[in-house]
Amino acid sequence: MASDPAAPRTAGRLLLLDGHSLAYRAFYALPVENFSTTTGQHTNAVYGFVAMLINMLRDEAPTHLAVAFDVGRHTFRTQQFPQYKANRAASPDAFAGQIPLIKEVLAALNIPSLEVDTYEADDIIATLTHQGADQGMEVLISSGDRDAFQLVTDQVTVLYPKRGVSEISRMTPEAVQQRYGLTPAQYPDYAALRGDPSDNLPSIAGVGEKTAARWIADYGSLAALLEQADQVKGKAGQLLREHLDQVRTNRELTQLVDTVPLPLTVQQLARQAWDREAVHRVFDALEFRVLRERLYATLETAQPEADQGFEVSVEQVAPGGLAQWLQATSTFPVGGADPAAPVQPTGLSVVGRWSRGTGEATALALARSDGATTYLHLADLDPRDHSALADWLADPSRPKAAHDVKGALHALTDSGLIAQAHLAGLWCDTALAAYLARPDQRSYDLADLVLRYLNRSLGLEPPADVAPPQELQLSLDMGEAVDLAQEPEPDPSSRLAAVAAQAVADLAVELMAGLASTGQEQLMREVELPLVQVLARMERAGIAIDSALLHELDRHFADEVASAASDAYEVIGKQINLGSPKQLQVVLFDELHMPKTKRTKTGWTTDADALASLFAQTQHPFLHHLLRHRDATRMKVTVEGLLKSISDDGRIHTTYNQMIAATGRLSSNDPNLQNIPIRTEQGRRIRETFVVGPGFDSLMTADYSQIEMRIMAHLSQDAALIDAFHSGEDLHTSVAARVFSVPADQVSSIMRSRIKAMSYGLAYGLSNYGLSQQLGVTPTEAQALMDEYFQRFGGIRDYLHGVVEQARRTGYTATVLGRRRYLPDLTSDNRQRREIAERMALNAPIQGSAADIIKLAMLRTDAALREQGLVSRVLLQVHDELVVELAPGESEAAEALVRQAMSTAWPLAVPLTVSVGFGHTWHAAAH
């Protein structure tokens, strides 16, 4: 496209993206099975699109940009040629719903997205390209549609995806000439002759791409070729003459329209600052934690300017003078003071490293409410100051705030400043408070929270000409060390640590006020904050491991893997890669002719559920050995991870995280001790390697019986279900007797299993189809069973309906302790997303309340053991189970304390029943 050479040139660079084209490229470049949220929403197209967008914004630095989308299949082209694109298959199910998600990301980034009825995205791009070029702009077009090549000029370049979502070709006039032997202006003439199968534009049989390109090059244009069609020799010429009308139609359809009426002008496409709140909300819902961090790290200039930073002056405290400095820190409001008076905490920032229940603190920065800050090298502290600091940290009357403090508790304990990982007076953990405020967020970085809530900047970026020293580390994220920047001060870490401490103090006040406004301040103060210190003690304790037995298991599973593979090879008469979906597809469906599974873009699925279903249908020996191989491989990987995690003390120290699950459940990592299977023999063998440690007698496990069903009874107030719990009979037998109208002693095992599956499934939004799949019955039979169930337990039906409708009105669900989970998709126009949110609304109050109750149980158990002076201690929490290490002679007392603490953790309408077991190993203590 030629632009007016007299047009005034500007410094603008216009980037235009074809939304549908790039989204499809991303969808097929990234495996759909690897990209989905915990709620089941596929996100591979969104992820790939956003990754490409970030790369282009970084590499091309446009001043103006927009994304164009197709509206639908009906355009002016289909009116002219009804067969246009008629051969295109419907979008894959996994792709459905991802375009609206991409538009949400664009809206959060303040990037215009444009679509116009009866036109295609290419036409919108052509129109904006024409306008931008006329205004002297450099124009970049990102599209996987080669029709865009006709727009290329010296001012216009097409960024054509070459491979996946990362490699592109820059299609300049020279690149188009080199690739096709034609100019960009000749490209649509060539395309008209060649035809386009993707658009259902017919080609001329017998006339290939080389012939089409040669004709256009020889005659100069399609118009000239058609005028002289009689002179074209040979069979190809005859075919051309037979298809003149179709070629003319192709040419009209291939030509992009550059006069589309648009709601925005090019100048209105100037880049704008992001809406950070919207970015967090969208990326939280998509669970794009890493991509968000990359967005911020790559495109810092797109962030809005903060109102201000933090100006601190670090006071040097004279030796022996720390007690006086600390005396000026704030205290909690006491008798006679206004109970509503705001708390002004002292901010803490710990410099050091920590992991696996241990740590090393090298310095500490403190920020008082009067703005004074100080920085303390712990190794250089005067003994009097060390003592004063320890006393202040242990003073419950002095409110303190820190960020993601649990890891730092290990470092402060090992430095001798606090005892038993206990920081008295901890009023706020700003990471934890931010989690309660927004539980679906995936990252609680201090710098981001400060900008988000205070509109201020930490200002910790190093000067461009100064390299950071490797020996200096500042923990802004309390668990991940961040390199500090060298500054023109004697101690560069002092001001940076002081800034972090001041930021934490100010942020704590803002976050706690927010929690108070939503009724979650008590949950923070009485549950989550005390639990930080309980979890720190559990991490420090760890659990003993029988390393010899674990090594023996490693060898056993290695033999199992080899044996299962050998047996599988023998069945099919050859060796293949049992972990390769491609090779398995050939064996299962082409050679063994097994029933087809669900179709994916890479063929018939060979995931675990599909293979288990195939084996249930066929009982084929190859599948038997393949499933054995997968199970053994999984167990071997688990054992290898445990072996790597054994510390020098012979114990494994997991790390607990309170800020991962939006429902409030704890997670365990490095290693994850919550996913060691208990229902399989192999999993139980792994649990046998967890043993009681030296100096202790045995392990005790204590867990709740049917906690989620008890919470269902409490929340629904269903009289029949409450009566079933109070009857003392087996719950599922009692419920089955009511549903099937038979005496309890006539309830069969099939009846009981069906009721059990349905009772638990209802709390997760189980549909009649889902129940039919679980029970192996038809959806009609499953619906009849559900109808019968709800007829007997109408309170459950009314509760499940009511909790979704209430959440739709308020935007959130709440647990028994008031923990909120926000579900904006309950009002989404996208049916799939709305249904996912509805299932989450059903589950969040029940699973979240279970998480609340086990946390209360942990706090009460820990407090009871310590108050009675027992040495016995809690080691692990795994869902609804606690693992306690019992000291000699304390078994009976500890059991009584644990039972009392757990059974009275929260008053429900039904009893909280606790089961207890004892043994030398974790497995032996099972019950």
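Predicted model only: the values in this text are computed from it and were never measured.

Undergrad: Quick rundown of helix α20 (residues 521-541)? Include the residues and the values.
TA: A rise of 1.5 Å per residue sets the reference length of α20, with its 21 residues, at 30 Å; its end C-alpha atoms lie 30 Å apart and thus fit the reference within 8%. In the structure, α20 departs most strongly from a straight axis at Leu531, where the bend amounts to approximately 30 degrees. Of all 21 residues in α20, 15 are buried; the element is thus mostly enclosed. Backbone geometry just downstream of α20 places Gly542 in the positive-phi region, at approximately 65 degrees.

Undergrad: Which residues make up helix α7 (residues 187-194), and what values do they have?
TA: In terms of residue burial, α7 counts as a mostly covered element, since eight of its eight residues are buried. Taken as a whole, α7 has its buried residues at Tyr187, Pro188, Asp189, Tyr190, Ala191, Ala192, Leu193 and Arg194.

Undergrad: Hey, could you go over the sheet that holds strand β15 (residues 543-545) for me, with residue numbers and the actual values?
TA: Sheet architecture is open: three strands sit in the order β18-β15-β21, paired in antiparallel fashion. Looking along the sheet, the strands with just one partner apiece sit at the ends: β18 (651-652) and β21 (690-691). Of the pairings in the sheet, the one linking β15 to β21 comprises two bridges and is antiparallel in character. Following the sheet pairing, Ile545 is matched in β21 by Phe690.

Undergrad: Which residues make up the side chain of Gln186, and what are the values?
TA: Looking at where Gln186 falls in the secondary structure, it is placed in the loop between α6 (173-180) and α7. Every residue in contact with Gln186, bar those within four places of it in the chain, is listed here: Ile216 and Gly220.

Undergrad: Describe the confidence of the model for the protein, with residues and values.
TA: On average, the protein scores 86 in pLDDT, and the residues at 70 or more come to 88%. The low-confidence segment residues 1-9 (pLDDT under 50) makes 19 contacts with residues lying over four places distant or belonging to another chain. Note that residues 461-490 has pLDDT below 50 and, in this model, 68 contacts with residues that lie over four places away or in other chains.

Undergrad: Residues and numbers for the pattern of salt bridges, please.
TA: Enumeration over the complete set of coordinates arrives at 36 salt bridges. In this structure, the salt-bridge partner of Glu681 is Arg684, at a minimum N-O distance of 3.4 Å. Placement of the pair is Glu681 and Arg684 together in helix α25 (residues 681-687), with a separation of three residues, close to one helical turn. Taking relative accessible area as the criterion, Arg684 reaches 24% and is therefore assigned partly exposed. Here Glu881 and Arg687 are joined by a salt bridge, their closest N and O atoms 3.9 Å apart. Note that Glu881 is positioned in strand β26 (residues 881-886) and Arg687 in helix α25, a separation of 194 residues in sequence. We note that Glu881, like Arg687, is buried. Sharing partners across several salt bridges, the network here consists of Arg13, Glu60, Glu138 and Arg170.

Undergrad: Which residues make up the packing of aromatic side chains, and what values do they have?
TA: For the structure on display, the rule yields 18 aromatic pairs. Ring geometry for Phe27 against Phe95: centres 5.5 Å apart, planes inclined by 80 degrees, an arrangement best described as edge-to-face. Pair noted here: Phe27 is in helix α1 (residues 19-29) and Phe95 is in the loop between α3 (76-80) and α4 (98-108), with a separation of 68 residues, a long-range link. Its relative accessible area of 3% is what places Phe27 among the buried residues. For Phe95, a relative accessible area of 4% translates into the label buried. Here Phe283 and Phe288 contribute two aromatic rings whose centre-to-centre distance is 6.1 Å and whose plane-to-plane angle is 85 degrees, an arrangement assigned as edge-to-face. Residue classification places Phe288 among the buried positions, given a relative accessible area of 4%. Among the aromatic side chains, those forming a connected cluster through ring pairs are Phe149, Tyr160, Tyr180, Tyr187 and Tyr190. For the cation-ring pair, Lys400 lies above Trp392, with the distance from its terminal atom to the ring centre recorded as 4.8 Å. Between Arg687 and the ring centre of Trp922, over which it is positioned, the NZ or CZ distance is 4.0 Å.

Calculation criteria
- Residues numbered from 1 in each chain as written.
- Predicted model: local features only at pLDDT ≥ 70, side-chain atom pairs only at ≥ 80, totals over all residues.
- Heavy atoms only, no water.
- Helix = DSSP H or I, 4+ residues; strand = E, 2+ residues; numbered from the N terminus.
- Expected span 1.5 Å × (residues − 1).
- Bend = angle between axes of the 7 residues up to and from the residue.
- Buried < 20%, exposed > 50% of the residue type's maximum accessible area, 1.4 Å probe, protein only.
- Pairing = 2+ DSSP bridges.
- Contact = heavy atoms within 4.5 Å.
- pLDDT = per-residue confidence, 0-100.
- Salt bridge = Lys/Arg side-chain N within 4 Å of Asp/Glu carboxyl O.
- Phe/Tyr/Trp six-rings, centres within 6.5 Å; stacked < 30°, edge-to-face > 60°.
- Lys NZ or Arg CZ within 6 Å of the ring centre and 35° of its normal.

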